[in-house]
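# A look at the structure
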Amino acid sequence: MQADKLLVHFSQIFSPIDKQRALKGSEMSEATIIEDGYIAIKNGKILKIGSGQPDDSIIGDHTKIHDYTGKLATPGLIDCHTHLVYGGSRENEFAKKLNGVSYLDILKEGGGILSTVRSTKSASFDTLYDKSSHLLDEMLIHGVTTVEAKSGYGLDWETEKRQMNVVKELNHTHPIDLVSTFMAAHAIPEEFNGDGDAFIDQIITEMLPKVKEEKLADFCDIFCETGVFTAEQSRRLLQAAKDLDFKLRIHADEIDSIGGVDVAAELETVSAEHLMAATDEGIKKMSESGVIGNLLPGTTFSLMADTYAPAKKMLEAGMAITLSTDSNPGSCPTANIQFIMQLGCFKMHLTPIQVFNAVTINAAYSVGLGDKIGSFTEGKRADIAVFDAPNIDYPLYFFATNLVQDVYKNGELVSKNRQIV
């Protein structure tokens, strides 16, 4: 079979090993590194990868050949935890954080998530769409080809629906693929006066069935944290979501360990998010239940905290982990997944192979698309990030700079020389 496109002479190709599941523990240190590599593309999918001179059988009269001498190729990066769609911004809280006011104290004062909820409720569909599209453009030029996007800045049906409809529309119009997560349980609305049980009841009885009926989300998530939702409330919501065939995520152990990890293990959620406060016992439970640890070092950095999720302990316990931006207006306002990957090295002491596995193959299984993306397996989508770097170490060593030169989505060049095509 002859290729439509042939990308040749890569200095290195990072090729994750696909075991039909997320890589766990020591497996995350494994990958195939191809020197002087080539990638053959047919009908938007991977036809073949290899080293040296491609076989003549895959080169035809219509094959377009692109020379990438000295460059690094990886599967398109996957940002598997974002709060993409929101109104307004929260730079007005920045000075408070610099003066030591905590994230939860800002929330208690009516700021934080609740501030963004007010801005999002007042924003039109077009405003939210344009803002989110711009963020996706930034993610794309940094090498991201698939994004998980949560709702959760509405806390009422109309605004939550508007957020998810923005995600749905962008999935059709933007080169990046989007995976939608319903997260109305992001905070307790002010009008509920702290009554989390009543709000969970409303989500279960009024919102979840509509999300399923209108096919607005694949996943359901909840913020299990001190002052937000308890472990029991989280268990109740996620069990109801599971009964409706939603896939599950849970924000757990971000600031305090209050049982969210136990819920994750019990319900076998696809992932548990944040985990900065995860205990040894919690890590063991997640490992035994196959829960993917979705780690967000940019949030620790942005909150000016000292505690990063114990990634090395998780790997030693045989867990699978990913790295994501947590892109949001308050606790991690960034669209640069490369900086998150660099924090994975500098602050979590992960190796380059572990980091690239975290944002490719493992992130693919975290969003439920491991059979379609995340590796250069023949027949998967030809989503490719081309780094202006000679090897996998360089883009992690040379930090805080966008080193992605070109991006291919489904075999088409969608970003060239750091510009949207």
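Here the structure is a predicted model, which means the values were calculated and not measured.

## Focus on the packing of aromatic side chains
Counted under the stated rule, the structure contains 13 aromatic pairs. Between the aromatic rings of Phe-14 and Phe-356, the centroid separation amounts to 5.4 Å while the plane-to-plane angle is 40 degrees, which identifies the pairing as tilted. Pair noted here: Phe-14 is in strand E1 (residues 5-15) and Phe-356 is in helix H13 (residues 352-358), with a separation of 342 residues, a long-range link. Accessibility classification places Phe-14 together with Phe-356 in one group, the buried group. Pairing Phe-346 with Phe-399 gives two aromatic rings, centres 5.4 Å apart and planes at 75 degrees, and the pair type is edge-to-face.

## A look at the nonpolar core
Membership of the largest hydrophobic core comes to 107 residues, with the highest contact counts inside it found for Phe-182 and Ile-203. Sequence-distant contacts of Phe-182, that is, excluding residues within four places in its chain, are made with Ser-151, Glu-160, Met-164, Ile-203, Met-207, Leu-208, Val-211, Ala-217, Phe-219, Cys-220 and Asp-221.

## Here's the deal with the pattern of salt bridges
With the rule as written, the count across this model stands at 28 salt bridges. The salt bridge partner of Lys-150 is Asp-221, with a shortest N-O separation of 2.8 Å. Residue Lys-150 is found in strand E7 (residues 144-150), and its partner Asp-221 is found in strand E9 (residues 219-222); the two are separated by 71 residues along the sequence. By the burial criterion, Lys-150 is buried, and Asp-221 matches it. Glu-273 is the salt-bridge partner of Lys-150, the closest N and O atoms lying 3.8 Å from each other. Residue Lys-150 is found in strand E7, and its partner Glu-273 is found in strand E11 (residues 271-274); the two are separated by 123 residues along the sequence. Each member of the pair Lys-150 and Glu-273 is classed as buried. One salt-bridge network, in which partners are shared between bridges, spans Glu-148, Lys-150, Asp-221, Arg-249 and Glu-273.

## Brief notes about the pairing of E9
Across the two faces of E9 the burial is the same, with Phe-219 and Asp-221 and Cys-220 and Ile-222 all buried. Examined bridge by bridge, strand E8 (residues 177-185) and E9 share 3 bridges and lie parallel to one another. Along E9, the bridge assignment pairs Thr-181 with Phe-219. Since E8 and E9 lie parallel, the crossover through helix H6 (residues 196-213) that links them has a hand, and here it is right-handed. Where E9 and strand E10 (residues 247-252) come together, 2 bridges link them in parallel fashion.

## What to know about a nonpolar patch on the surface
A contiguous nonpolar surface patch, about 300 Å² in accessible area, is contributed by Phe-94, Leu-98 and Met-304. Along the chain, the position of Phe-94 falls in helix H1 (residues 94-98). Taking the relative accessible area as the measure of exposure, Phe-94 reaches 45% and is therefore partly exposed.

## So, empty space enclosed by the protein
Considering all chains together, one arrives at 3 cavities of 30 Å³ or more under this definition. Quantified by volume, the largest cavity comes out at close to 80 Å³. His-83, Tyr-103, Ile-113, Tyr-153, His-186, Phe-223, His-251, Glu-254, His-274, Asp-326, Asn-328 and Ser-331 together form the lining of the largest cavity. Of the residues assigned to the lining of the largest cavity, the class counts are 4 nonpolar, 6 polar and 2 charged.

## Describing the sheet that holds E7
Strands sit in the order E6-E7-E8-E9-E10-E11-E12-E13 across an open sheet of 8 strands; the sheet is parallel. Strands with a single pairing partner mark the edges of an open sheet, and in this sheet they are strand E6 (77-82) and strand E13 (321-323). In this sheet, neighbouring strand axes are inclined to one another by 25 degrees on average, regardless of whether the strands run parallel or antiparallel. Where E7 lies against E8, 5 bridges are found, and the strand directions are parallel. In the sheet register, Val-147 faces E8, and the bridge partner there is Leu-178. Contacts from H6 reach E8 and E9 within the one sheet, and its direction differs from that of E8 by about 150 degrees.

## Structural notes on the side chain of Lys-5
Its location among the elements puts Lys-5 in strand E1. Given a relative accessible area of 14%, Lys-5 falls into the buried group. There is a polar contact of 3.4 Å between the side chain of Lys-5 and the side chain of Glu-412. The contacts of Lys-5, once residues within four sequence positions are left out, are Ile-39, Ala-40, Ile-41, Thr-63, Lys-64, His-66, Tyr-408, Gly-411 and Glu-412.

## Observations regarding helix H12 (residues 337-346)
Helical geometry: 3.6 residues make up each α-helical turn, so side chains three or four residues apart lie on a common side. The buried count for H12 comes to 8 of 10 residues, which makes it a mostly enclosed element. Taken together, the buried positions of H12 are occupied by Ile-337, Gln-338, Ile-340, Met-341, Gln-342, Leu-343, Gly-344 and Cys-345. Put simply, Asn-336 is the residue that caps the front of H12, since its side-chain oxygen is 3.0 Å from the backbone nitrogen of Gln-338.

Scoring rules and cut-offs
- Residue positions within a chain follow its written sequence, with the count starting from 1.
- Note on the predicted model: pLDDT of at least 70 is required for a residue's local features to be given, and 80 or more for side-chain atom pairs to be given and counted; whole-chain, interface and lining totals, by contrast, use all residues.
- Excluding hydrogens and water, the side-chain values take into account all heavy atoms of the structure.
- Aromatic pairs are defined between Phe, Tyr and Trp rings, using the six-membered ring for Trp, whenever the two ring centres lie within 6.5 Å; interplanar angles under 30 degrees are classed as stacked, those over 60 as edge-to-face, and all others as tilted.
- Here a strand is any run of E in DSSP of at least two residues, a helix any run of H or I of at least four, and the numbering for each starts at the N terminus.
- When a residue's accessible area, from a 1.4 Å probe over protein chains only, is under 20% of the maximum for its type it is buried; when over 50% it is exposed; and in between it is partly exposed.
- Nonpolar cores are built from buried Ala, Val, Leu, Ile, Met, Phe, Trp, Tyr and Cys residues. Side-chain atoms within 4.5 Å join them into one set.
- The contact definition used throughout considers only heavy atoms, calling two residues in contact when any of these lie within 4.5 Å.
- Any Lys or Arg side-chain nitrogen located within 4 Å of an Asp or Glu carboxyl oxygen qualifies as a salt bridge.
- The pairing criterion for strands is at least two bridges between them, as found by DSSP.
- For a crossover, the right-handed case is the one in which the path from the first strand over the helix to the second runs clockwise, viewed with the strands pointing away from the viewer.
- Residues enter a patch when their relative accessible area is above 30% and they make no salt bridge; the linking distance is 9 Å between like charges and 5 Å between nonpolar side chains (Val, Leu, Ile, Met, Phe, Trp, Tyr).
- Using the Shrake-Rupley algorithm and a 1.4 Å probe, accessible areas are obtained, with residue cover drawn only from the displayed protein chains.
- A 1.4 Å probe that fits into a set of points on a 1 Å grid over the protein atoms alone but cannot get out defines a cavity; an open set with protein on both sides within 12 Å along at least five of seven lines defines a pocket, and lining residues are those with an atom within 4 Å of a point.
- Grid points are joined across faces, edges and corners, and a volume is the space filled by probe spheres set on the points.
- Residues are grouped as follows: nonpolar covers Ala, Val, Leu, Ile, Met, Phe, Trp, Tyr, Cys and Pro; charged covers Asp, Glu, Lys and Arg; every other residue, Gly included, is treated as polar.
- Here, axes are lines fitted to C-alpha atoms. For helices the fit covers the stretch in contact, and angles between N-to-C directions go from 0 to 180 degrees.
- In protein, a polar contact means a hydrogen-donor-capable atom and an acceptor-capable atom, both N or O and within 3.5 Å, with residues adjacent in sequence counting only if both atoms are side-chain atoms; elsewhere, any N or O pair within 3.5 Å suffices.

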